[in-house]
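# Architecture at a glance
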Amino acid sequence: MTTEHQASSHKERITDVKLSILDLAPVVVGSTPADALRNSLDLAQHAERWGYHRYWVAEHHNMPGIASSATSVVIGYLASGTSTIRLGSGGIMLPNHAPLVIAEQFGTLESLYPGRIDLGLGRAPGSDRRTSLALRKDLNSGEDFPELLAELRAYFDASATSYHAPVRAVPGEGLNIPIYLLGSSDFSARLAGQLGLPFAFASHFSPDYTRIALETYRNNFQPSDLLKEPHVIVGVNAVVADTDEEAAWLGTTMQQQFLNIIRGTTGLVQPPADMEGKWTDRERAGVEQTLKAAVNGSPETVRGQLESFIAQTQADELIITSMIYDHQARLHSYELIAQLAGKA
């Protein structure tokens, strides 16, 4: 089992890193989850042509504006409509599931689409307290994540299960499915380092912990049979358009999404809007703080923002999420980013 890793030279340009996509299958006002999933497939097909490295979808629940709750099913749908791009989870929230079920699901995906499946794992519920209880039947906060991870990895390890094991994952056993740990704090960063696994950090909603988490991961990294040096993926919110003004307008959709999170409300993804009068000064400050690492603007504006971010984080890979209301505008944003990297 191997995981891609770039040489650990100093990185400061877009061409120094891999570019990937994180998709939440947004359900916008006036559409349905079916529309959202078809749009995700369309984006994945374009991303493959534009040279993006991987395409991950995220597990969230009880959110009308997100259609990727059945994450493994969505990955299969996207893989069936593409040919070469890596598909995976960003991530599966492991405490929501029995490890055996995830081993079987991703073993099935890898069997159907060999060499293209990633298994990104997180420990958060991906929803609110009541939904967490419906998913987990208890309100554990992920403290047992290391034990669940060890159980899951054992199902993939043919040498650990053997033909005489009482429980085996079929499909799954013996398959080489790269595992990535995801986090928004230093818990999974430390664990990923200790286990010699690649680490993906959610800077797109937890920017204040980026430096601490990446330092924790790198400082605790122990080489493994899977990975000889640290491999860091960092999430980035991005809205790119032909002009700074258009990008700022499109970006108000994402501002409304994070405003709803601050207010503890959910709903469909909203069209761009004048934000004046939509938020209090305190709410605006909260949204801007959460989005302080986001990139927004024309291609040249965004080039500078992304390259500054790369230089600061020394990420091996950026996984970009774009909460844009209009599907064509979302496609255009990702195409412009690929062009900056000399891909599209």
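The rules behind these values
Residues numbered from 1 in each chain as written. Predicted model: local features only at pLDDT ≥ 70, side-chain atom pairs only at ≥ 80, totals over all residues. Heavy atoms only, no water. UniProt positions renumbered as here; feature names shortened; annotations may be inferred. Salt bridge = Lys/Arg side-chain N within 4 Å of Asp/Glu carboxyl O. Helix = DSSP H or I, 4+ residues; strand = E, 2+ residues; numbered from the N terminus. Buried < 20%, exposed > 50% of the residue type's maximum accessible area, 1.4 Å probe, protein only. Expected span 1.5 Å × (residues − 1). Arc of directions from axis to C-beta. Core = buried A, V, L, I, M, F, W, Y, C linked by side-chain atoms within 4.5 Å. Contact = heavy atoms within 4.5 Å. 1 Å grid on protein atoms, 1.4 Å probe; cavity = no way out; pocket = protein on both sides within 12 Å on 5 of 7 lines; lining within 4 Å. Points joined across faces, edges and corners; volume = space filled by probe spheres on them. Nonpolar A, V, L, I, M, F, W, Y, C, P; charged D, E, K, R; others polar. Pairing = 2+ DSSP bridges. Right-handed = clockwise from strand over helix to strand, strands pointing away. Polar contact = N/O pair within 3.5 Å; in protein donor to acceptor, adjacent residues only side chain to side chain. Axes fitted to C-alpha atoms, helices over the stretch in contact; angles between N-to-C directions. Left-handed = near helix turned anticlockwise from the far one by under 90°. Phe/Tyr/Trp six-rings, centres within 6.5 Å; stacked < 30°, edge-to-face > 60°. Lys NZ or Arg CZ within 6 Å of the ring centre and 35° of its normal.

Identification of the protein as Luciferase family oxidoreductase group 1 from Paenibacillus amylolyticus is taken from an unreviewed UniProt entry. In the Sequence similarities (unreviewed entry) part of its UniProt record, the protein is described as follows: "To bacterial alkanal monooxygenase alpha and beta chains."

## A few points about the pattern of salt bridges
In this structure the tally under the stated criterion is 13 salt bridges. Of the charged contacts, one joins E173 and R168 as a salt bridge, the two residues approaching to 2.8 Å between their closest N and O atoms. Put simply, R303 and E300 hold a salt bridge, and the shortest N to O gap is 3.5 Å. Taken as a pair, R303 and E300 lie in helix 12 (residues 299-313) at a separation of three residues, close to a single helical turn. What makes R303 partly exposed here is its relative accessible area of 27%. In the salt-bridge network here, residues are joined through shared partners; they are R54, R86, D118 and E317.

## Focus on helix 5 (residues 145-156)
For helix 5, which comprises 12 residues, the first-to-last C-alpha distance of 17 Å matches the rise-based estimate of 16 Å (1.5 Å per residue) to within 8%. For helix 5, every residue scored as buried is listed here: F145, L148, L149, L152, Y155 and F156. Within helix 5, the buried residues cover an arc of 120° as seen down the axis, which keeps them to one side.

## Quick notes on the nonpolar core
Membership of the largest hydrophobic core comes to 71 residues, with the highest contact counts inside it found for Y52, Y55, L119, L121 and L318. When sequence neighbours within four positions are dropped, the list of residues in contact with L121 reads I92, L94, F145, L149, L152, I179, Y180, L181 and L182. Of all hydrophobic cores here, the second largest spans 26 residues; its members include W56, A58, L182 and M275.

## Considerations on the layout of surface pockets
Of the voids in this model, the second largest pocket is the one considered here, and its volume is about 370 Å³. Surrounding the second largest pocket, 19 residues form its lining, S203, T210, F309, Q312 and T313 being those nearest its centre. Of all elements in the fold, only helix 8 (210-220) and helix 12 reach the threshold of two or more residues within the lining of the second largest pocket. Its residues placed into classes, the lining of the second largest pocket shows seven nonpolar, seven polar and five charged.

## Concerning the pairing of strand 1 (residues 18-23)
Counting buried positions along strand 1 yields five of six residues, so the element is predominantly enclosed. Where strand 1 meets strand 2 (residues 54-57), three bridges bridge the pair, whose relative direction is parallel. Bridged to D23 within strand 2 is V57. Crossover connection from strand 1 via helix 1 (residues 33-50) to parallel strand 2: handedness right-handed.

## A short note on the pairing of strand 2
Across the two faces of strand 2 the burial is the same, with R54 and W56 and Y55 and V57 all buried. In this sheet, strand 3 (residues 86-93) lies alongside strand 2 in parallel orientation, the contact comprising four bridges. For W56, the partnering residue across the bridge sits in strand 3 and is G88. Each parallel crossover has a hand, and for strand 2 linked through helix 2 (residues 71-80) to strand 3 it is right-handed.

## Brief notes about the environment of E173
Following the sequence through the fold, E173 ends up in the loop between helix 6 (158-161) and strand 5 (179-183). For E173, a relative accessible area of 22% puts it in the partly exposed group. Taking the C-alpha atoms as reference, E173 lies 27 Å from L22; in sequence the two are 151 residues apart. There is a polar contact of 2.8 Å between the side chain of E173 and the side chain of R168.

## Observations concerning the environment of H332
Looking at the element boundaries, H332 is found in helix 13 (residues 327-340). A C-alpha to C-alpha distance of 9.6 Å links H332 and V239, two positions 93 residues apart in sequence.

## Here's the deal with the packing of helix 10 (residues 252-263) against helix 11 (residues 281-290)
With their axes 9 Å apart at the nearest point, helix 10 and helix 11 run at an angle of 115° to one another. Considering only the axes of helix 10 and helix 11, their crossing is right-handed. For the pair helix 10 and helix 11, contact is made by Q255, F258, L259, I262 and R263 and by E283, G286, V287 and T290, respectively. Here the residues of the contact of helix 10 with helix 11 sort into four nonpolar, three polar and two charged.

## Observations regarding the packing of aromatic side chains
On inspection of all chains with the given rule, the structure shows five aromatic pairs. Geometrically, the ring pair formed by F199 and Y217 is tilted, given 5.5 Å between the ring centres and 35° between the ring planes. Remark: Y217 occurs in helix 8 and F199 occurs in strand 6 (residues 199-201); sequence separation between them is 18 residues. Summarising the burial analysis for this pair, F199 and Y217 share the class buried. Through pairs of rings, three or more aromatic residues link up here, namely F199, F201, Y217 and F221. Seen from the ring of F187, R123 lies directly overhead, with NZ or CZ sitting 3.8 Å from the centre.

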